[in-house]
Amino acid sequence: MGLADASGPRDTQALLSATQAMELRRRDYHMERPLLNQEHLEELGRWGSAPRTRQWQTWLQCSRARAYALLLQHLPVLVWLPRYPVRDWLLGDLLSGLSVAIMQLPQGLAYALLAGLPPVFGLYSSFYPVFIYFLFGTSRHISVGTFAVMSVMVGSVTESLAPQALNDSMINETARDAARVQVASTLSVLVGLFQVGLGLIHFGFVVTYLSEPLVRGYTTAAAVQVFVSQLKYVFGLHLSSHSGPLSLIYTVLEVCWKLPQSKVGTVVTAAVAGVVLVVVKLLNDKLQQQLPMPIPGELLTLIGATGISYGMGLKHRFEVDVVGNIPAGLVPPVAPNTQLFSKLVGSAFTIAVVGFAIAISLGKIFALRHAYRVDSNQELVALGLSNLIGGIFQCFPVSCSMSRSLVQESTGGNSQVAGAISSLFILLIIVKLGELFHDLPKAVLAAIIIVNLKGMLRQLSDMRSLWKANRADLLIWLVTFTATILLNLDLGLVVAVIFSLLLVVVRTQMPHYSVLGQVPDTDIYRDVAEYSEAKEVPGVKVFRSSATVYFANAEFYSDALKQRCGVDVDFLISQKKKLLKKQEQLKLKQLQKEEKLQKQAASSKGTSVSINVNTSLEDMRSNNVEDCKMMQVSSGDKMEDATASGQEDSKAPDGSTLKALGLPQPDFHSLILDLGALSFVDTVCLKSLKNIFHDFREIEVEVYMAACHSPVVSQLEAGHFFDASITKKHLFASVHDAVTFALQHPRPVPDSPVSDTRL
């Protein structure tokens, strides 16, 4: 029985149905049927739905993964907080947060005065930005908040933009403060926008243009600015508002002029508070090992001064200025005044860069000490969001404080949980306890600011150390300090950065040039002026520059090369040209003389003979000129061939060599340029190198290049440096390889008179 018989009629019918269905599907696929009915459409829809669903699911999963990775990148708290070791770190962070908050309170009140704002806005700036940085920051130890340098920069802006009439009117003091708060909060929003934008485009490297001497000179000058700005609170004087260049000088002169008007009660209050603060700081330094946490001298001074002022009535009896009303509670968010953006954009960018430079410098110090990594771009974003959101809640721009950061680390702080705790403590003071400081004397806040300047003012000793270590860095420090003192903080920073960059250019224009010699029995080459064992290779001169060659120093490079080689190359070339020209003139005179003699000898003959003679003389003369030209062309071709191969030593006419012309020959036949210091080449460098090849070949010296890096070789190729006369056979991987080749191929001899083909 066959297979069909065994399967039966049902199987045969099923097989036929399946065959027909496959035929229908094939025809539908090839669009042979004009229309599809609803049944076929539903069937095809069921077939295609599964792959589309999987594609959408895959796309959604990838999108979610990318969004989650982006969220983790820009919100680091989601990464480290779930792994937070509560048992090991919580107690230390709690004590550290309370210690920092104790410092944050008086400094916030004091630095608000420095910014030209009511003290309560210093408390706001100690709460919002600190908590925002807790969410977005990557440093575990820096303490974000009010800082003296930032506050004095903000103060210079608020005093310059607040109406002058309001500054001098006691009646309109409220309106003046409102105007300054609006300026400061708008400035904070603009600073935050700059920092967030720079962080998102990965512009964190901008801080590399602020060298350490520049930053230290700038902060020292800012400390002097802060000190002078607090003199009016120390002596109880009412000064005019000065802004712009030389404003510091005008302020000092006005203080000296009004010094007899000082209020004795205010001076005594500031002096007593300053002495107490200094004594407490000395005790903290001396008892650092014995104390579990530093004595909160600033907080104790704040509480004691407020109690004494309230009990003795210092404001009414001795005319001591006090802080005044501190409203309880938080303020609602306020949109920035966009009309001020055009006036604030320059100052905002300067403050953004300075604030980030200070924060990232401290962050990297602590990260190196505790073996973790700080992301500079994320730090820009974190600081920017702190200032942006803080500005909406009427805060002024902030950065991080070195003194508070050191306290946060030394008291056991391990993470930004300490910062969050300090910000919550400040929130408690804002909501409930702020009004208790109504009678706090402003002179006490000024004393707190001045005493905290000790660390920055001690940087004046940098001048002595830099004088011994590096006088170029000392010059940067002095220019930065002087420019910041005379031109104010914003223009001073611009001048400092420009001068620092120009100094880099000048230093590359004057690198160290050296002639190298070989250390015996090695392939090492060192400066013969510095290493007594290094000896020059006979017949080979090796020259090196310590900096790359580019448009600013290419001419200096060529001049130094010719000077160090001990040969006056330009003089030899000019003398060679003169002698060859003189030889050519003598040949022409000789031809003219022969022509004249031929004419005199043929004068007695007939006209036809005379004509023939003249014709032959003209032919001879033209043939001689043609021969000279052909000799020049052929010799030029021979020189190119000899140069390209680097191996042929063609024979030239005796009259064209230095020896035949009676000129001195160089004591070396090969020049090797050690280009290992080159990091890039530009068009000026290419032309300079080609001119070096041309000039030294004119005095019968072959030139080679050694130790070029691959990117430099690629740039040489892109600039069409290599041609028939300068090939890659003139390029060697090391100086020793070039020296070995040069010794095997001695002095080439040119074939032609000198022709000027310099670029």
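Computed from a predicted structure; not experimentally measured.

1. Quick look at the overall build of the chain
If you tally the helices and strands in the chain, you get 30 helices and eight strands. Per-residue burial for the chain yields a buried fraction of 47% across its 759 residues. When contacts within the chain are restricted to residue pairs at least 6 apart in sequence, those whose partners lie at least 24 apart make up 82%. Summing over all exposed atoms, the chain offers an accessible surface of approximately 39500 Å²; the carbon and sulfur share of this is 62%.

2. Some thoughts on the sheet that holds strand β3 (residues 513-518)
Strand order across the open sheet formed by six strands is β4-β3-β5-β6-β7-β8, with mixed pairing between neighbours. Since the sheet does not close on itself, it has two edges, and those belong to β4 (525-527) and β8 (731-732), each with one partner. Strand direction decides the pairing type here: strand β6 (residues 668-674) and strand β7 (residues 702-706), joined by five bridges, are parallel. Its bridge partner lying in β7, D674 is registered against A706. Its contacts with the sheet put helix α24 (residues 554-564) on β3, β5 (539-545) and β6, and the angle it makes with β3 is roughly 45°.

3. A closer look at the environment of L561
Note on placement: L561 falls in helix α24. Separated by 18 residues in the primary sequence, L561 and F543 have C-alpha atoms spaced 7.0 Å apart. For L561, the contacting residues outside a window of four places in its chain are F543, L671, L673, I692 and F696.

4. Looking at the pattern of salt bridges
Per the stated rule, a full pass over the model turns up twelve salt bridges. Between E409 and R369 there is a salt bridge, with the nearest N and O atoms lying 2.9 Å from each other. Of the two residues, E409 sits in helix α18 (residues 402-410) while R369 sits in helix α16 (residues 341-370), which places them 40 residues apart along the sequence. Residue E409 is classed as buried on the basis of its relative accessible area of 16%. Sharing partners across several salt bridges, the network here consists of K562, D570 and D695.

5. Considering the side chain of T484
Note that T484 resides in helix α23 (residues 471-509). Polar side-chain contacts of T484 include one of 2.7 Å to the backbone oxygen of T480. In this structure T484 touches Y218, A221, Q225, L489 and G492, once residues within four positions along its chain are discounted.

The rules we used
- Residues numbered from 1 in each chain as written.
- Predicted model: local features only at pLDDT ≥ 70, side-chain atom pairs only at ≥ 80, totals over all residues.
- Heavy atoms only, no water.
- Helix = DSSP H or I, 4+ residues; strand = E, 2+ residues; numbered from the N terminus.
- Buried < 20%, exposed > 50% of the residue type's maximum accessible area, 1.4 Å probe, protein only.
- Contact = heavy atoms within 4.5 Å.
- Areas by Shrake-Rupley, 256 points an atom, 1.4 Å probe, with all protein chains shown as cover.
- Pairing = 2+ DSSP bridges.
- Axes fitted to C-alpha atoms, helices over the stretch in contact; angles between N-to-C directions.
- Salt bridge = Lys/Arg side-chain N within 4 Å of Asp/Glu carboxyl O.
- Polar contact = N/O pair within 3.5 Å; in protein donor to acceptor, adjacent residues only side chain to side chain.

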